[in-house]
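Read off the chains here:
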Amino acid sequence: MSKYSIFSLARNALSYHEDWQRAWRSPDPKPEYDIIVIGGGGHGLGTAYYLAKEFGYKNVALLEKGWLGGGNTGRNTTIVRSNYLWDESAALYEHALKLWEGLSQELNFNVMFSQRGVMNLAHNLHDWRELNRRVHAIRLNGIDSEILTAAQVKKEAPIFNVSPDSRYPIMGASIQRRGGTARHDAVAWGYARAADARGVDIIQNCEVTGLTIRNGKIEGVETTRGAIRAKRVGVVVAGHSSVLADMAGFRMPVESNPLQALVSDPIKPVLDCVVMSSAVHVYVSQSDKGELVIGAGSDLHVSYSQRGSFDIVEGIMGALCELVPMVSRLKMMRQWGGIVDVTPDRSPIIGKTPIDGLFVNCGWGTGGFKATPGSAHVFAATLAKGEPHRLAEPFALDRFHSGRLIDEAGAAAVAH
Ligand code: FAD
Ligand code: PYC
């Protein structure tokens, strides 16, 4: 630690956390911006950052109805990987993974990206064949992916019960060793700080309540802090995407479902990779604090509720105790939910809308955290040029008319 940081740490400790320099400003909205980004999750903040950094935009606003990262960004279980089936998805998620690998340096902010490996379990012959097919497809795209036997799974993750007599026998697994986890809040804060430093106005507690559209063109937004003009607007609001589409007068093929997660009390290190089972609908990793971070499949009903529910705890913990018997001795400390935006083919929507100048980035469902830097990067390019970035092109909204779907339901690895 440098002399400067020791002094600044001591000064901040003695100031009772008062007088700390703000990590980003809190400006009032201006009457007009070149581009407005709606939504202060990782994808929106990243978009604003790349607009300023890569495309030289100096007059950009980011509007967030609550606080930065208060949506799915701050509620997710932080799994990062790029092991998707179809070429279009592999290219997009791998673009993101490559950006993750340099993100802490890029933002000069530690996003705690940890490439501890992500394992997907196979429990029966069908799972096993499907997993092998995926690994071949993933490797053909030049992305790392390996097959593990049950014995190798036991070596990598000793807390798992790999006995053939167990309720969910483990035949083997795939592993992406470059996959892992990152610190979700840090991603939001890192992008916010870096975007602010490049002049982006980040405006919290500013809900967009209407869109001003004339002759099929966007002219600005109505907000709880007044009207703001802009000829280009990017909507990055995840579970609220259909609400914003409603304001613009078109339908978004997105369903909003709660997705829940929970954490145990902190314990000593017992698991140093991420393990997922899509057949059993459970996944687990261990945070740097020592908590086991556990998630389930999404709730089957449509809702805007961000709460946990008992049925999910019961189902998920019952399943996890079969896979990892030592979990039965842990206490669960917190449980919560987020609202995930699920499309019919489980792939995102990035690009133009029927309204000229209005662009959308949504539909990441249960799996958008891993895409944050890549999604933000291609969406910034799309907003800056007014035309879809090469990697975003296949993910256009009109694929639901043309039928060129990108079916990634299996790669979600979380039932939804
Ligand atoms: P958000 O972070 O939700 O940001 C959207 C923002 O828009 C919100 O802050 C919201 O307040 C704001 N907003 C909405 N309406 C308005 C309005 N009218 N005006 C202004 N602002 C508005 N993905 C993974 O890759 N790996 C995982 O392990 C993983 N686990 C998950 C676990 C859970 C429990 C959940 C809920 C999700 C998980 N996801 C995971 C999915 C991932 O969290 C999301 O896909 C991703 O974070 C979406 O980021 P975002 O920036 O698009 O959306
Ligand atoms: O997409 O890897 C994922 C994921 C894990 C948990 C929720 N989503």
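Because the structure is a prediction, the values reported are computed rather than measured.

Peer 1: Quick question: what am I supposed to make of the pattern of salt bridges here?
Peer 2: Think of it this way: side chains of opposite charge can pair up when their charged atoms draw near. Inspection of every chain in the model, using the stated rule, returns 22 salt bridges. Note that aspartate 28 and arginine 225 form a salt bridge whose closest N and O atoms lie 2.9 Å from each other. With aspartate 28 in the loop between α1 (3–14) and β1 (35–38) and arginine 225 in the loop between β10 (217–223) and β11 (226–229), the pair connects residues that are 197 residues apart, well separated along the chain. Each of Glu94, Lys98, Glu101, Asp144 and Arg178 takes part in one network of salt bridges that share partners.

Peer 1: I keep staring at the sheet that holds strand β9 (residues 208–214) and nothing clicks. Help me out?
Peer 2: The pairing of strands in a sheet comes from backbone hydrogen bonds and takes either a parallel or an antiparallel form. On the basis of which strands lie adjacent, the open sheet formed by three strands has the order β9-β10-β11 and antiparallel pairing. Bordering the open sheet on either side are β9 and β11, each of which pairs with just one other strand. With strand direction ignored, the average angle separating the axes of adjacent strands in the sheet is 25 degrees. Examined bridge by bridge, β9 and β10 share six bridges and lie antiparallel to one another.

Peer 1: How should I be thinking about helix α3 (residues 87–101) in this particular structure?
Peer 2: Given 3.6 residues to a turn, an α-helix orients residues that are three or four positions apart in the same direction. Compared with the 21 Å implied by 1.5 Å per residue over 15 residues, the 21 Å span of α3 between its first and last C-alpha is a close match. Those residues of α3 lying buried are Ser89, Ala90, Leu92, Tyr93, Glu94, His95, Ala96, Leu97 and Trp100. If you follow the buried residues of α3, they end up packed against β3 (79–80), α4 (103–107), β6 (172–176), α7 (184–197), β18 (349–352) and α10 (372–385).

Peer 1: In this structure, what is going on with the site of ligand 1? I would like to understand it.
Peer 2: Among the 38 residues in the neighbourhood of ligand 1, the closest are listed as Glu64, Asn72, Thr73, Thr77 and Lys370. Interatomic distance of 2.9 Å between a side-chain N/O atom of threonine 77 and an oxygen atom of ligand 1. Across the complex, the protein chains shield 96% of the 1000 Å² of accessible surface that ligand 1 would expose by itself. Listed by contribution, the elements that provide at least two residues to the shell around ligand 1 are α2 (42–55), β13 (255–264) and β17 (332–342). It is β13 that contributes the most residues to the shell around ligand 1, three residues altogether. Across the shell around ligand 1, the residue classes tally to 15 nonpolar, 18 polar and five charged.

Peer 1: Looking at this model, I keep getting lost on the nonpolar core. Mind explaining?
Peer 2: For soluble globular proteins, the rule of thumb is that nonpolar side chains tend to be buried together. Core analysis: the largest hydrophobic core is formed by 48 residues, its most contacted members being Leu45, Leu51, Trp100, Tyr191, Ile202 and Ile350. Elements with a contribution of two residues or more to this core: β1, α2, β2 (60–63), α3, α4, α7 and α10. Each residue touching tyrosine 191, except ones within four places of it in the same chain, is listed here: Gly42, Leu45, Gly46, Tyr49, Tyr50, Leu103, Leu107, Thr372 and Pro373. Leu271, Val275, Val313 and Val324 belong to the second-largest nonpolar core, a separate cluster that totals 31 residues.

Peer 1: Please explain the pairing of β18 as it appears in this structure.
Peer 2: Note on strand geometry: in a regular strand, side chains alternate between the two faces of the sheet. Alignment of β18 against strand β19 (residues 358–362), held across four bridges, turns out to be antiparallel. Opposite isoleucine 350, over in β19, you have asparagine 361 as the bridge partner.

Peer 1: Got a minute to help me understand α2 in this structure?
Peer 2: The terminal C-alpha atoms of α2 lie 19 Å apart, and with 14 residues this matches the ideal 20 Å at 1.5 Å per residue to within 8%. The buried fraction of α2 amounts to 11 of the 14 residues, a majority that puts the element mostly inside the structure. Directly beyond the C-terminal end of α2, a positive phi value near 70 degrees is found at glycine 56.

Peer 1: How should the packing of α3 against α10 be read in this particular structure?
Peer 2: A pair of packed helices can be characterised by two numbers: the angle between their axes and the separation between those axes. For the pair α3 and α10, interaxial distance at closest approach is 6 Å and the crossing angle is 110 degrees. Taken together, the axes of α3 and α10 are roughly perpendicular relative to one another. In contact with Leu92, His95, Ala96, Leu99 and Trp100 of α3, α10 contributes Thr372, Pro373, Gly374, His377 and Val378. Looking at side-chain class alone, the contact of α3 with α10 contains six nonpolar, four polar and no charged residues.

Peer 1: What is the right way to look at the environment of leucine 140 in this model?
Peer 2: Within the element layout of this structure, leucine 140 appears in helix α5 (residues 125–140). Expressed as a C-alpha distance, the spacing of leucine 140 and aspartate 87, which sit 53 residues apart in the sequence, is 9.2 Å.

Peer 1: What's the story with the packing of aromatic side chains in this structure? I'm lost.
Peer 2: Centre distance and the angle of the planes are the two values used to describe a pair of aromatic rings. Within the structure shown, the criterion is met by seven aromatic pairs. Their ring planes at 10 degrees and their centres at 3.8 Å tell us that tyrosine 84 and tyrosine 93 sit as a pair that is stacked. For the pair tyrosine 84 and tyrosine 93, one class covers both residues: buried. An angle of 90 degrees between the planes, with centres 5.9 Å apart, marks the rings of tyrosine 93 and tryptophan 364 as edge-to-face. In this pair, tyrosine 93 is assigned in helix α3 and tryptophan 364 in the loop between β19 and α10, connecting sequence segments 271 residues apart. The two residues tyrosine 93 and tryptophan 364 agree in class, both being buried. Aromatic ring contacts, followed pair by pair, group Tyr49, Tyr50 and Tyr191 into a single cluster.

How each quantity is defined
- Residues numbered from 1 in each chain as written.
- Chains lettered and ligands numbered in written order.
- Predicted model: local features only at pLDDT ≥ 70, side-chain atom pairs only at ≥ 80, totals over all residues.
- Heavy atoms only, no water.
- Salt bridge = Lys/Arg side-chain N within 4 Å of Asp/Glu carboxyl O.
- Helix = DSSP H or I, 4+ residues; strand = E, 2+ residues; numbered from the N terminus.
- Pairing = 2+ DSSP bridges.
- Axes fitted to C-alpha atoms, helices over the stretch in contact; angles between N-to-C directions.
- Expected span 1.5 Å × (residues − 1).
- Buried < 20%, exposed > 50% of the residue type's maximum accessible area, 1.4 Å probe, protein only.
- Contact = heavy atoms within 4.5 Å.
- Near = heavy atom within 4 Å.
- Polar contact = N/O pair within 3.5 Å; in protein donor to acceptor, adjacent residues only side chain to side chain.
- Areas by Shrake-Rupley, 256 points an atom, 1.4 Å probe, with all protein chains shown as cover.
- Nonpolar A, V, L, I, M, F, W, Y, C, P; charged D, E, K, R; others polar.
- Core = buried A, V, L, I, M, F, W, Y, C linked by side-chain atoms within 4.5 Å.
- Parallel < 35°, antiparallel > 145°, perpendicular 65-115°, else oblique.
- Phe/Tyr/Trp six-rings, centres within 6.5 Å; stacked < 30°, edge-to-face > 60°.

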